[in-house]
Amino acid sequence: MPGEPREPKDEMDDTSRAADPHPAPEAPRTPPSTSAPASDPASPSRSGGDNFVYNNFYGPQYQGRVHFGIAGADERPGRASATGWLEGDEIDALLRSYVRPDCFDEAARELARTRVVVLTGPHGTGKRSGAVALLRETVGPSAEYVVLSPDLDLDQLAGRPFKEGFGYVILDRTGIAGTAGDPSADFDWRRVRDQLHSCRAHLVITTVHGVTGRPPEAVRHLAWQPPALDKVVRARLFHPGIASETVDRAVAGIPSGCPVGVVAEAAQRIADGADPDQTWKEHSGSAPQAVQDWFGTEEERSLREIAEVTTLAFAYAVGRRDFESLQNQLERSLEPVYFTPDPAPAAETAGVPGSVGQESALRRGRPADRRRSLARNILIGTENQVYGSTTREVMVFADSDMRRWVLRALWRDHPTEYWDAVRSWLETVVAAGPDPGLQLSIASGLALLGDTAFDEVVQSYLDPWARGEAGETGQTIAVWVLWWMCLDKTQAAAALTLARTWAQSTHPALRGTALSVFGGQLGVTFPSDAVKWLWAVLRSGVLEKTEQRALGLRAWAQLFLAFVERREDAGIVLDALAGRIGKERRTRAAAYSATGLLALETTLWVFTVAEPFSGRPAVARYLVERPNETEIVAELWAALLCYRPMRREAQSALLVTLRALPAVTSDPTAVAERLGRALAAALPPVEPSLLVSEVGRLAASRHARATDSDCVAILLGALNRAKDSHPR
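Residues numbered from 1 in each chain as written. Predicted model: local features only at pLDDT ≥ 70, side-chain atom pairs only at ≥ 80, totals over all residues. Heavy atoms only, no water.

Counting its secondary structure elements, the chain contains 34 helices and ten strands. Scored against the burial criterion, the 728 residues of the chain give a buried share of 53%. (Helix = DSSP H or I, 4+ residues; strand = E, 2+ residues; numbered from the N terminus. Buried < 20%, exposed > 50% of the residue type's maximum accessible area, 1.4 Å probe, protein only.)

Okay, here's the thing in structure tokens:
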């Protein structure tokens, strides 16, 4: 589906919360030579202590057997972006057999009257589907629906040019609704309401934040209530082919406290023929009860047992030897929390090696046989993972859902001293330079903990590690944690807000980490925010050193690559650059400004970023898979070719892209012909003949394989025809 609504000016310029940038003009810095693909594009060079993060998550992820995201293992993930246009099939899926809650009519009347309403309530109450249903009720099924960024503040909303007749949604807005006695909050809401009236548009906002004290008078904040769950099930099963006995069993089996979305999904499976009892068993799961029983025994769990489940929560699916080593380190960190030495025996045995007191403490704190203890722990099991022709035994939870519930129980039951020890242990593990698999496991564990204790994760891990206090490895893990979080709809908005605060920071390491965050999965989830903040950081002049500037340019290129790898529309990246360059062309006198040069330099990095493993430029695949985007690609390439300091690099990038086409498509000549015609139309009349000559000589100096289709000749032929068609 299309990505964000394509409004490049808004995305590039709307950085009112960023520092006012005043960059000084400087000579452009181009990426490494594109004469040949890099031998190992996935292996970054390290310079000046920078940490370059190349791993991207495309859709739902699995850490061990733990699933992040909403698609099943065999499904191709659907929409990657959390913002942008809502298509008809998405709306139909959300509102299939929709059951209105009791508060629906009141919210619909308020939306029709004031054009804006705020729905408050916890996750799992159906606010998302309720917001879309309210818009369909108010603006009609044929209207256009757009999901806006949850990080927009009221001032930005009040100044936004809404389109007439459109319905807008903000899901899980991160701002607090309002506070008692705060006249500015009501004033800002009034401005938003008036802007919607003047634009004749409608807006529904959902948030988990309630109103403290007296709510704003200008905009109604309604506490959203889920519909009756039995009605949700009966609506989904209302079909002549479904027996009444099946419906009754489905209604009777609804688990207590089950979110309305889970109920609707289970009911749909039952409607498709699944057994009700088995379906509810799979959806409710045994993990929560098993974890509750394990932690709720009358006899307090020992240090050893707590260390076992804590280690596995953060070091999931590692081998036995590594697991036992990590567990041993954690037990040493936890000993002061669990054992208070008796001062009298300690004084009596001070300095006496092998004393009874020391041996007793050692036996209680670190038992000799951990494997027997692990075998007795009903929460923990093993599985064999295939590595080539061999298998490897790794430690896992007995049920994949247990990891989340164990972290919730640990946070609920254990004091600050325990979590201080866990933090010290994780810092030690990170400082030792763990392998990428363990880094990902730590990141996913912190993301799961963030669902219960977000502030703890941010204050104890993400902020310090993003500042570089745990070295490059810590920065990498901080980036991955936010990428994991944005795959969880309950944490995605909070992850976006945190990344934005890093981007606004004056701390260079925080800004650098924000660049990596926005250049990956978070940027795919929130494209307009990524474009806005990547540009704000890059043009602010904070990235003064060459390696820092390269990190900012690389983030733009990596965002484009992330879209292409995910088979998503990367047009928002290209439109933003084209909008900036076009504005520069309309306003400049004789030379590009520093901002214009920065846009050109960024474009060159985007056109030279290579796909992992193959080393082919990502723009080649984009031209094949998005033929309707050929004109904007040609427009940007024409701008590069017409700027003489970058002309040689632009020609080299064009040559590499053309020679990559045969490996990407079965009809490379058609793509080359299309690009040639678009490029001829975008270039000034005197340029095609010069380009034919220069690119021809460059191609002759870099021989292609004999088996390749001559896409270069096809493009030059299109340019020649355009040259001949111009009047002399």
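With that settled, consider the nonpolar core. Within the largest apolar cluster, 156 residues are counted, with the highest numbers of intra-cluster contacts made by Phe314, Leu462, Trp502, Phe560, Val573, Trp637 and Leu679. Counting residues per element, this core draws most heavily on helix H26 (residues 546-565), which supplies eleven residues. Within the second largest apolar cluster, 23 residues are counted, among which are Ala107, Ala133, Leu135 and Val169. (Core = buried A, V, L, I, M, F, W, Y, C linked by side-chain atoms within 4.5 Å.)

In this section: helix H12 (residues 303-314). Its twelve residues give H12 an end-to-end C-alpha distance of 17 Å, which sits within 8% of 16 Å, the value for a rise of 1.5 Å per residue. Burial runs high along H12: twelve of the twelve residues are buried. (Expected span 1.5 Å × (residues − 1).)

Time to look at the confidence of the model for the chain. Scored by pLDDT, the chain comes out at a mean of 82, with 80% of its residues at no less than 70. Across residues 32-54, where pLDDT falls below 50, the model places 46 contacts with residues more than four positions away in sequence or in other chains. Overall, residues 57-78 carries pLDDT values under 50, and its contacts beyond four positions in sequence, including any with other chains, amount to 63 contacts. (pLDDT = per-residue confidence, 0-100. Contact = heavy atoms within 4.5 Å.)

A separate point is the pattern of salt bridges. Per the stated rule, a full pass over the model turns up 34 salt bridges. As a salt-bridge pair, Glu611 and Arg621 come within 2.6 Å of each other at their nearest N and O atoms. Here Glu611, found in the loop between helix H28 (594-608) and helix H29 (618-625), pairs with Arg621, found in helix H29; they are ten residues apart in sequence, far enough to count as distant. Residue Glu611 is classed as buried on the basis of its relative accessible area, which comes to 3%. Salt-bridge contacts for Arg677 lead to Glu673; the nearest nitrogen and oxygen are separated by 3.4 Å. One end of the pair, Arg677, and the other, Glu673, are both in helix H32 (residues 668-682), four residues apart, so they sit about a helical turn from each other. One salt-bridge network, in which partners are shared between bridges, spans Glu106, Glu110, Arg113 and Arg220. (Salt bridge = Lys/Arg side-chain N within 4 Å of Asp/Glu carboxyl O.)

Two strands pair when backbone bridges link them, and strand E9 (residues 380-387) and strand E10 (residues 390-397) are joined in this way by eight bridges, in the antiparallel orientation. Residue pairing in the sheet places Gly381 in a bridge with Val396 of E10. (Pairing = 2+ DSSP bridges.)

Before going further, it helps to examine the sheet that holds strand E7 (residues 202-207). Taken in spatial order, the six strands of this open sheet run E3-E5-E6-E7-E4-E8, and their pairing is mixed. Each edge of the open sheet is held by one strand with a lone partner, namely strand E3 (84-86) and strand E8 (221-223). Between one strand axis and the next, the sheet turns through 25 degrees on average, direction left out of account. Where strand E6 (residues 167-170) and E7 come together, four bridges link them in parallel fashion. In the sheet register, Gly167 faces E7, and the bridge partner there is His202. (Axes fitted to C-alpha atoms, helices over the stretch in contact; angles between N-to-C directions.)

With that out of the way, let us pick up unusual backbone geometry. Its identity as a non-glycine residue notwithstanding, Ser97 has a phi of 55 degrees, on the positive side. If you trace the backbone, Ser97 turns up in the loop between helix H2 (88-95) and helix H3 (104-114). Phi angles above zero are rare outside glycine, and Arg200 is one such case at about 55 degrees. Structurally, Arg200 can be placed in the loop between helix H6 (183-199) and E7.

Applying the stated criterion across every chain yields a total of 13 aromatic pairs. Between Phe560 and Tyr622, the ring centres sit 5.5 Å apart and the planes meet at 65 degrees, which makes this aromatic pair edge-to-face. With a gap of 62 residues between them, Phe560 in helix H26 and Tyr622 in helix H29 connect regions that are remote in the sequence. Note on Tyr622: relative accessible area 2%, which makes it buried. Grouped by ring-pair contacts, the aromatic residues Trp85, Phe162, Phe166 and Tyr168 constitute a single cluster. (Phe/Tyr/Trp six-rings, centres within 6.5 Å; stacked < 30°, edge-to-face > 60°.)

With twelve residues, helix H17 (residues 402-413) should reach 16 Å at 1.5 Å per residue; the first-to-last C-alpha distance of 16 Å fits that figure. Listing the buried residues of H17 in full gives Met402, Arg403, Val406, Leu407, Ala409 and Leu410. End-on view of H17: buried residues confined to an arc of 165 degrees, all on one side of the axis. (Arc of directions from axis to C-beta.)

The next point concerns the pairing of strand E4 (residues 116-120). Burial analysis of E4 places five of its five residues in the buried class, which makes it a mostly covered element. Of the two faces of E4, both are covered, the one formed by Val116, Val118 and Thr120 as well as the one formed by Val117 and Leu119. Across three bridges, the pairing between E4 and E8 is parallel. In the strand pairing of E8, Leu119 is matched with Leu222.

Attention shifts here to the side chain of Glu687. Looking at where Glu687 falls in the secondary structure, it is placed in helix H33 (residues 687-701). Residue Glu687 is classed as buried on the basis of its relative accessible area of 7%. Among residues more than four places away in sequence, those in contact with Glu687 are Cys642, Arg644 and Arg647.

Right, let's get into the environment of Asp153. Inspection of the secondary structure puts Asp153 in the loop between strand E5 (145-148) and helix H5 (154-158). The sequence separation of Asp153 and Arg173 amounts to 20 residues, and the corresponding C-alpha distance is 8.8 Å. Engagement of the side chain of Asp153 in a polar contact is seen with the backbone nitrogen of Gln156, the distance being 2.7 Å. (Polar contact = N/O pair within 3.5 Å; in protein donor to acceptor, adjacent residues only side chain to side chain.)

Here Val291 is to be found in helix H11 (residues 287-295). Val291 sits in the buried class, given a relative accessible area of 3%. Considered as a pair, Val291 and Ile378 are 87 residues apart in the sequence and their alpha carbons are 9.5 Å apart. Apart from residues no more than four positions distant in its own chain, Val291 is found in contact with Leu379, Met402, Trp405, Val406 and Ala409.

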